[in-house]
Amino acid sequence: STWGMQGFRILIVLWTFVVSLCNELTRPKIKLAIWGPQGLLTDLGKNWMPINIGNFGKVPWGKSFIGHVYPAEPDDACSPLKPLKVVQDETAPIVIARRGSCSFVTKVHYAQIQGAKMLIIVDYRDEDVMYLEMIDDNSGIGQKLNIPGVLVTRKEGEKIFLYANLYNKDPENTPAVSIAARFAWEKSENVIYEAWISPRDKTSYSFLSRFSEYGSRLVGLASFQPHFIIWHCAHCEADHYSKKDENCLSGGRYCAPDPDKSGPLKGSDVMMESLRQICIFSMSNVDFFNYTREYYRLCFDDKLSDLEACSRRAAEAAQVNDRDSIEKCVDLSFKRQPGSNYDLSLDENEILSKEKSYYFERGVAVWPSVVINDVLYKGGLNEIALFQTLCASFKRSPDVCIGSGGIVNPATVSADINHYRRNAQFWKFFAGLVLLLILFMVCFFLIYRRIVRRAMVIEMTAEINAKVSQYFKLEDPPVSYTHLTLPTIYSV
């Protein structure tokens, strides 16, 4: 039987739920530090709370900021907000809103318009928010967001909302809620990152085509590996993978949803394209980035009828050199009986078998996704933001990360809390050096003054002795003054 889009959608929902339960180890564990007021700290019983970061907006990885929290008006942030009653000299206002009535992206959009640096969204039910995926609503607004949206539990969020509202009602006499957000990213000597994509997902290749320039710069510096989303046919397994399915390869072991419903393309075409791209990458990282850029430009026409032919055009436009080796790579990946031609619709495939096993192991629920050093990258897939995060992942940033096209490694920008610490250490050292120099000058002055005064005493003593000698020479008769002793003058 042939798979339909409805069946795939049901499986996608179920699979997303299952893998979300297995995905905790690859999530960035970010906490917000609550600095005050004291009443809020007492009510919470702690000075921090975990957050779940949305897969949209620009997350300032490697940076930190401190700001005050202001309630959204209206509280669901589903329409333009009233101006915020910010404290004097506020540099990083944070808005808090309630979940529901509209998309996460819409809420963050309205908070950004009011100058917020972050939106805290309070869940509307009691649940562990860390197992939720906050995704883009595909309205196009998500690509324009420059601030993060984060989700907190209902219990903790409502307490923050309460104190934020108290300040909002009487800002003159009520302390504002103060929160510190540190989006730390673990650094490593070796940076390894993965991109999880699907060949008929336009968003995946829009991102890759924009990122290709930056990805090419990191070749040889960071280890990159593309991976592909692969679906499984349950009823095909029951038939021991012995029947052909137009949306699958290898008897239903490796499947994809029908990309154009009743059109000429099938899920099996998608899986063959995944296989081709794995082979292209195995030949050359640079060729892969060049190819994906051309593939995005040429192969997302709604009227496309032959994906394999378009792949050949993209490879030619990208000047992929060894195209014969790529075809050989695809051909040899299918297991077959000796002396027989392979049947891609039934024969097992070694490359896709490994890819599917890794996909199940990784538990990626949303694509396109990026994993850096086993940590799932959260926030919108903006090519510059990702490049900066990759640079921030190095313990020692490569030269391409600094001053490259105006891109600065966030590990060195002023907003990074480590930068402030390094500055503080420098100024402490500098102040100590200045103090030491002052002490040296004071000691030098005291010693110099003592030397000068001693010299003056010696000179004055000599002059007095000379005058006294002259005076006694005038006395007659001469008198012996062997017992006459002049007083000694002390300088101190």
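What counts and how
- Residues numbered from 1 in each chain as written.
- Predicted model: local features only at pLDDT ≥ 70, side-chain atom pairs only at ≥ 80, totals over all residues.
- Heavy atoms only, no water.
- Axes fitted to C-alpha atoms, helices over the stretch in contact; angles between N-to-C directions.
- Helix = DSSP H or I, 4+ residues; strand = E, 2+ residues; numbered from the N terminus.
- Parallel < 35°, antiparallel > 145°, perpendicular 65-115°, else oblique.
- Left-handed = near helix turned anticlockwise from the far one by under 90°.
- Contact = heavy atoms within 4.5 Å.
- Nonpolar A, V, L, I, M, F, W, Y, C, P; charged D, E, K, R; others polar.
- Disulfide = S-S within 2.5 Å.
- Buried < 20%, exposed > 50% of the residue type's maximum accessible area, 1.4 Å probe, protein only.
- Pairing = 2+ DSSP bridges.

Q: How would you sum up the packing of helix α5 (residues 202–217) against helix α12 (residues 383–392)? Please name residues and give values.
A: Pairs of packed helices are described in terms of their axes, by the angle between the two and the distance that separates them. The contact between α5 and α12 brings their axes to 9 Å, and the two run at 45°. Considering the angle they form, α5 stands oblique to α12. Here α5 and α12 pass one another in a crossing that is right-handed. Side by side, α5 and α12 meet where F207, R210, F211 and Y214 of the first sit next to E383, I384, L386, F387 and L390 of the second. Residue classes in the contact of α5 with α12 are distributed as 7 nonpolar, no polar and 2 charged.

Q: Now, about the environment of R297: what can you tell me, with residues and values included?
A: With respect to the secondary-structure elements, R297 resides in helix α8 (residues 285–298). A sequence separation of 17 residues divides R297 from A314, and the C-alpha atoms of the two residues are 8.3 Å apart.

Q: I'd love a proper account of the state of the cysteines, names of residues and values included.
A: Taken as a whole and assessed by the stated rule, the structure comprises 6 disulfides. At a sulfur-sulfur separation of 2.1 Å, the disulfide partner of C248 is C255. Disulfide C248 to C255: torsion about the S-S bond roughly 105°, handedness right-handed. Overall, C255 belongs to the buried group, its relative accessible area being 0%. For C299, the disulfide goes to C310, at an S-S distance of 1.9 Å. Note on the C299 and C310 pair: the S-S dihedral is about -105°, so by sign convention the disulfide is left-handed. You can see C299 sitting in the loop between α8 and α9 (307–317) and its partner C310 sitting in helix α9, a full 11 residues away along the chain.

Q: Please provide a residue-by-residue account of the sheet that holds strand β5 (residues 94–98), values included.
A: Through backbone hydrogen bonds, the strands of a sheet pair up, either in parallel or in antiparallel fashion. What the 8 strands build is an open sheet, ordered β2-β1-β8-β4-β5-β6-β7-β3; its pairing is mixed. Taken across any chain shown, the strands that pair with only one partner, and hence form the sheet edges, are β2 (48–50) and β3 (52–53). Pairing analysis gives 4 bridges linking strand β1 (residues 31–36) to strand β8 (residues 177–183), with the strands arranged antiparallel. In the sheet register, A33 faces β8, and the bridge partner there is A180. Sheet strands touched by helix α3 (residues 104–113): β5, β6 (118–122) and β7 (149–152). Its angle to β6, the strand with the most contacts, is close to 135°.

These figures come from the coordinates and say nothing about function on their own.
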